[in-house]
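Next come the chains, spelled out residue by residue.
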There are 2 protein chains.
Amino acid sequence: VTALSSIPPTYDDVLAARARIAPHTLRTPLLALAPPHPTAPRLLVKLEPLQRTGSFKFRGASNAVRLAVEEGFRHVVACSSGNHAQGVAEAARLFGIAATIVMPADAPPVKRRRTEASGARVIPYDRMTEDRDALAARVLEEEGGRFVHPYEDPAVIAGQGTLGLEIAEDCDALGLAPDAVLVPCSGGGLTAGVSLVIARRLPGARIYAVEPEGFDDYARSLAAGTRLANPSPGGSVCDALLARTPGRLGFEVNRPRLAGALAVSDEAALRAVGFAFERLRVVVEPGGAVALAAALEGLANVPPEGAVVVVLSGGNVEEATLARSVAAYRAEPFGAAPPPA
Amino acid sequence: VTALSSIPPTYDDVLAARARIAPHTLRTPLLALAPPHPTAPRLLVKLEPLQRTGSFKFRGASNAVRLAVEEGFRHVVACSSGNHAQGVAEAARLFGIAATIVMPADAPPVKRRRTEASGARVIPYDRMTEDRDALAARVLEEEGGRFVHPYEDPAVIAGQGTLGLEIAEDCDALGLAPDAVLVPCSGGGLTAGVSLVIARRLPGARIYAVEPEGFDDYARSLAAGTRLANPSPGGSVCDALLARTPGRLGFEVNRPRLAGALAVSDEAALRAVGFAFERLRVVVEPGGAVALAAALEGLANVPPEGAVVVVLSGGNVEEATLARSVAAYRAEPFGAAPPPA
């Protein structure tokens, strides 16, 4: 809906983003689950639900909103089902400007409530019948402001990459070269930011995007070499991962850097949410747990003596979904799960 | 039930404990909630539910069990309603010896299940009619082993103190001298370990023990100058904080170091559990949330320009209790709560 840079961000852009947002973001812990189960690789879990606003989205949003403020904007507009919305809303509050969020009417109530708690105006729309971009364009035309795309924006991708810097530094501190890094993937902005850093700093690690089954546009796009769309606009419990197609900028970054994409069932994502509650005491939402699910199901094919980094990307979940997830995990724990942590 | 050292631990014992257990414990993050609400002091939250076994108890247990192994023991025995049980059970599993836990029959099922998941034998007893010490003594007589008391043991207190070292170091790194440090308190072992360190490293900080209303034996004992008991053995939702009376060793450490003790209602503890879920995405149990509740209710009387450190001490909670807590928090948020984190 506005002209965006057509140049993908670089590793140096991630370093610049970190200098810009580090005073405002939390350096989230990388939890080493130890000792590993004899038949499973060592698991290192990036606890991004602890991030401000409960997801990695605050990183990219705060970088983009901060730049918007420096450019003189007093209003930002975003389209988001929830986590990007909260990131943009809270960044706008932090930097003292207004925010308008165009949000699907079926977004989890907890996400709308938390977005409004940061002072943003929320404009709901029907995911099946209305055009969110047209709604956002109308707001921008009538009121002015800077549009903050959730992933088709170099500043947003660079901000998400700061999560990758922390992973690389913490692996260095542990003296550990992971075999694989697994990242939840929707439009591909987080994956792109992380892969910019990991490909450079931990070149021995295979990087995987992880998607819900049925929303595997990244897997099919990587295989085809061109960006393909999902057949359905909604219907997964992973409400954070419903982008129709890979973003163009992120796909340029990811295509040469990813080892591939992995898909997990909604059921496995829920069980991973239950695992995080039972074993890590961390609240994670289904879409934020897909990389953990993939690792616990052994999809990355890392040998027992190896190590896998998984990103838990967000924690904005309804209690009812959490309770359902815990029950699903207890009924069927992951076979290769490490001992109590 | 066994001869225990009658000498309280020292700051140097805490340093020795850290050298012993650091390879096995998690250095948990101190989360700085920023920016603070204009009328509330800055809040720093120690995320100990992320600790192995979900509570600080693993610190003291692993120090004591490791020492027991070095003394040649192949079996440890403990009495605990749950968190100490899990700590001892997992420490025994880690160091390759057996564990027996005498546990009240009304302990939360999640705690019994997690204790058994670490391979320990659990002997249930009736809190009202049976003598847990006699049960433990019989096991020790028949099978041999080392008893690990939850707080009347210098090795346990020294292990808990490692949490205080991390707080002091993180405050130093932030360039921050907190006005108050609030610690959940039952027998007083965690409070003693933390106060040993904080009184030395952050001498400007007032240290408070925080208890559930009706179980304020520490407050009354500090006021009386001698150890007094609670009238009731049970009945608070804070199942982790039901010790009848302050431990002797901890009381000797705490008495000259504490500014006092604060009491919070069960309702406030539940609302603090809801706050942690909604705002921090961390799972905490009611007993582990009393210090947070006290801070959010402003009980430490710290001015808006000051800073308060609160310890979240454990996260082993039933989903039903969590859901009830979130509902209570939404119905009545804390007035002085900081903005969305």
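Everything discussed here concerns the structure shown above.
All values derive from a computational prediction rather than experimental measurement. (Residues numbered from 1 in each chain as written. Chains lettered and ligands numbered in written order. Predicted model: local features only at pLDDT ≥ 70, side-chain atom pairs only at ≥ 80, totals over all residues. Heavy atoms only, no water.)

1. Let's talk about the relation of the copies chain B and chain A
Here is step 1 of the chain: With an RMSD of 0.0 Å, the fit of chain B onto chain A corresponds to turning through 180° and sliding 0.0 Å along the axis. Given the turn and translation reported, the copies of this chain are related as if by a two-fold rotation axis. In terms of proximity to the rotation axis, the leading residue of chain B is Val282 of chain B, whose C-alpha is 2.4 Å off the axis.
Here is step 2 of the chain: A high fraction, 100%, of the interface residues of chain B reappear at the interface in chain A, so the copies pair face to face through one surface. (Least-squares fit on C-alpha atoms with pLDDT ≥ 70 in both. Contact = heavy atoms within 4.5 Å.)

2. Considerations on the interface of chain B and chain A
Here is step 1 of the chain: With 37 residues of chain B at the interface, the matching set in chain A holds 37 residues.
Here is step 2 of the chain: When chain B packs against chain A, close to 2800 Å² is buried across both sides, 58% of that on carbon and sulfur atoms.
Here is step 3 of the chain: For the interface between chain B and chain A, the tally reads six salt bridges.
Here is step 4 of the chain: Ionic pairing is found between Arg330 of chain A and Glu319 of chain B, a salt bridge with its closest N-O pair at 3.0 Å.
Here is step 5 of the chain: Run the count over chain B and chain A and you get 12 residue pairs in polar contact (both at pLDDT 80 or more).
Here is step 6 of the chain: Within the residue set of the side of chain B that touches chain A, elements represented by two or more residues are helix H3 (83-95), helix H4 (109-117), helix H10 (266-280) and helix H12 (319-331) of chain B.
Here is step 7 of the chain: Its residues placed into classes, the side of chain B that touches chain A shows 21 nonpolar, seven polar and nine charged. (Buried area = accessible area lost by both parts, 1.4 Å probe. Salt bridge = Lys/Arg side-chain N within 4 Å of Asp/Glu carboxyl O. Polar contact = N/O pair within 3.5 Å; in protein donor to acceptor, adjacent residues only side chain to side chain. Helix = DSSP H or I, 4+ residues; strand = E, 2+ residues; numbered from the N terminus. Nonpolar A, V, L, I, M, F, W, Y, C, P; charged D, E, K, R; others polar.)

3. What to know about the pattern of salt bridges
Here is step 1 of the chain: Applying the stated rule across the entire model yields 50 salt bridges over all chains.
Here is step 2 of the chain: Here Arg271 of chain B ties to Glu332 of chain B by a salt bridge, and the two come within 3.9 Å at their closest N and O atoms. Residue Arg271 of chain B is located in helix H10, and its partner Glu332 of chain B is located in the segment after H12; the two are separated by 61 residues in the primary sequence.
Here is step 3 of the chain: The class of Arg271 of chain B is buried, set by a relative accessible area of 6%.
Here is step 4 of the chain: Residue class for Glu332 of chain B comes out partly exposed when judged on its relative accessible area of 44%.
Here is step 5 of the chain: Taken together, the shared-partner salt bridges in this structure form one network comprising Arg113, Arg114 and Glu319 of chain A together with Glu278 and Arg330 of chain B. (Buried < 20%, exposed > 50% of the residue type's maximum accessible area, 1.4 Å probe, protein only.)

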